[in-house]
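# Residue-level structural notes
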Amino acid sequence: MLIKKPSKIAPSEITSETSFLNRRKFLKQQSILGGGLLGAGLIGNTQAALQPDDDLTPEEIVTSYNNFYEFGTGKSDPVEYAHEMSTDPWTVKVSGDANKTGKFAFEDIVKGLDVEDRIYRFRCVEAWSMVVPWRGVALKDVLQQFEPKTSAKFVEFKTLVRPSEMRGQRAVFQSIDWPYTEGLRLDEAYHPLAIMALGVYGKDLPNQNGAPWRLMVPWKYGFKSVKSIVSIRFTYRQPRNSWNVLAPHEYGFYANVNPAVSHPRWSQASERRLPSSVFNPNRRPTLPFNGYADEVASLYSGMDLAKFY
Ligand SMILES: Nc1nc2c(c(=O)[nH]1)N[C@H]1C(S)=C(S)[C@@H](COP(=O)(O)O)O[C@H]1N2
Ligand SMILES: [Mo]
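The shown structure was predicted, so the numbers you read here are calculated from the model rather than taken from an experiment.

## Description of the packing of aromatic side chains
- With the rule as written, the count across this model stands at 15 aromatic pairs.
- Centroid distance F68 to F71: 4.8 Å. Interplanar angle 90 degrees. Geometry classified as edge-to-face. Exposure class is identical for F68 and F71. Each is buried.
- Both rings, one in F289 and one in Y300, keep their centres 5.6 Å apart while their planes meet at 15 degrees; by these two values the pair is stacked. Of the two residues, F289 is situated in the loop between β12 (283-285) and α9 (293-296) and Y300 in the segment after α9; the sequence distance between them amounts to 11 residues.
- Cluster of aromatic residues (ring-pair linked, three or more members): F154, F253, Y254, F289, Y300 and F308.

Shown next, in the form of structure tokens:
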């Protein structure tokens, strides 16, 4: 489970160039000490939740078939344009109902935390899916260092807004009211399956996948897993989330993967596992909570999941 506690991490005071190099070195060190990516670091229940035919989706597809509307709405826009975003330095604003708030360097937030490899099924609300080897830190560890107050019931995350580097934010027709915003109930955020991903396929996250860190909540539709996070806010009230604001009867706040609740325009009963082609559509049934029901269903006991979709 534990790969390595990084001993040396770039302090936020040093110059940005050094900090960039050290961040990369930090992740590299961890991967060397962790040994092979796939053999190491799987917690039992994560592995158990994988099906026998859950083959890894090739890295090529994971890093080139993306949704990241800040760079355009096409699947290949992110890989083509996300390099225009600078991720160094990366500052995260922490606000709301917590004892420790303010501005923090990304490196300082993650430096003491255990880094783990996790292979997760990943299901987009558009009905395609992948199996992805992430590397990341427990979301609970990230959040608790800010000492949330008991009044905090939810956490909200926001993506960077920087139209000069994000061409989707300069487009004439805007889909989303930036910043892209998502949220979780705090008990969901504290679930051990919820992570902040720092890497994929044993490397730092490429920009198109949400560098330098993005949420990864494998039992929910992909749109909950907000990328390139610059703001964390603790709050008593349920945050507004981008897709729900855009189309409230199509996308809810909870967005738990649920084959029994159709999207108004298509069924969610099955999914297209990538790679998929006309000759091998690779369709398979979608599982409740994306196959993680044993681990997470108790978070929602007593809730009508057709109402809280
Ligand atoms: N900031 C931001 N985060 C985002 C999105 C986005 O457009 N902007 N798209 C979401 C959707 S719909 C999905 S399916 C996943 C895709 O993640 P991936 O490209 O790493 O597969 O990112 C999610 N996070
Ligand atoms: Mo998605």
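## Remarks on the site of ligand 1
- Close to ligand 1 lie 17 residues, the nearest being N66, Y69, E70, T159 and K227.
- Here a nitrogen atom of ligand 1 sits 3.0 Å away from a polar atom, N or O, in the main chain of S225.
- Compared with its free state, where it exposes 530 Å², ligand 1 has 98% of that area covered by protein.
- Split into classes, the residues belonging to the shell around ligand 1 amount to 8 nonpolar, 6 polar and 3 charged.

## So, the sheet that holds strand β2 (residues 102-105)
- Spatial strand order, β2-β1-β10-β5-β6: 5 strands in an open sheet with mixed pairing. Edge strands, defined here as strands with exactly one partner in the open sheet, are β2 and β6 (181-185). Taking the axes of each pair of neighbouring strands and ignoring which way they run, one obtains an average angle of 20 degrees across the sheet.
- As paired elements, strand β5 (residues 154-159) and strand β10 (residues 229-235) share 6 bridges and run antiparallel to each other. Each residue of the ladder has a partner; that of V155, found in β10, is F234.

## Quick notes on the pattern of salt bridges
- Across all of its chains, the model carries 19 salt bridges by this definition.
- Two residues, K100 and E147, come together in a salt bridge whose shortest N-O distance is 3.4 Å. Of the two residues, K100 is situated in the loop between β1 (91-96) and β2 and E147 in the loop between α6 (139-144) and β5; the sequence distance between them amounts to 47 residues.
- Since its relative accessible area comes to 34%, E147 is described here as partly exposed.
- A salt bridge links R233 to E156, with the shortest nitrogen-to-oxygen separation between them at 3.0 Å.

## Here's the deal with the confidence of the model for the chain
- Per-residue confidence for the chain averages 88 on the pLDDT scale, and 84% of its residues sit at or above 70.
- The element-level mean pLDDT for the chain is lowest in helix α1 (residues 16-34), coming to 40, with β10 highest at 99.
- Predicted confidence for residues 1-45 stays below pLDDT 50, and this span has 78 contacts to residues more than four positions away or in other chains.

Rules used in this analysis
Residues numbered from 1 in each chain as written. Chains lettered and ligands numbered in written order. Predicted model: local features only at pLDDT ≥ 70, side-chain atom pairs only at ≥ 80, totals over all residues. Heavy atoms only, no water. Phe/Tyr/Trp six-rings, centres within 6.5 Å; stacked < 30°, edge-to-face > 60°. Buried < 20%, exposed > 50% of the residue type's maximum accessible area, 1.4 Å probe, protein only. Helix = DSSP H or I, 4+ residues; strand = E, 2+ residues; numbered from the N terminus. Near = heavy atom within 4 Å. Polar contact = N/O pair within 3.5 Å; in protein donor to acceptor, adjacent residues only side chain to side chain. Areas by Shrake-Rupley, 256 points an atom, 1.4 Å probe, with all protein chains shown as cover. Nonpolar A, V, L, I, M, F, W, Y, C, P; charged D, E, K, R; others polar. Pairing = 2+ DSSP bridges. Axes fitted to C-alpha atoms, helices over the stretch in contact; angles between N-to-C directions. Salt bridge = Lys/Arg side-chain N within 4 Å of Asp/Glu carboxyl O. pLDDT = per-residue confidence, 0-100. Contact = heavy atoms within 4.5 Å.

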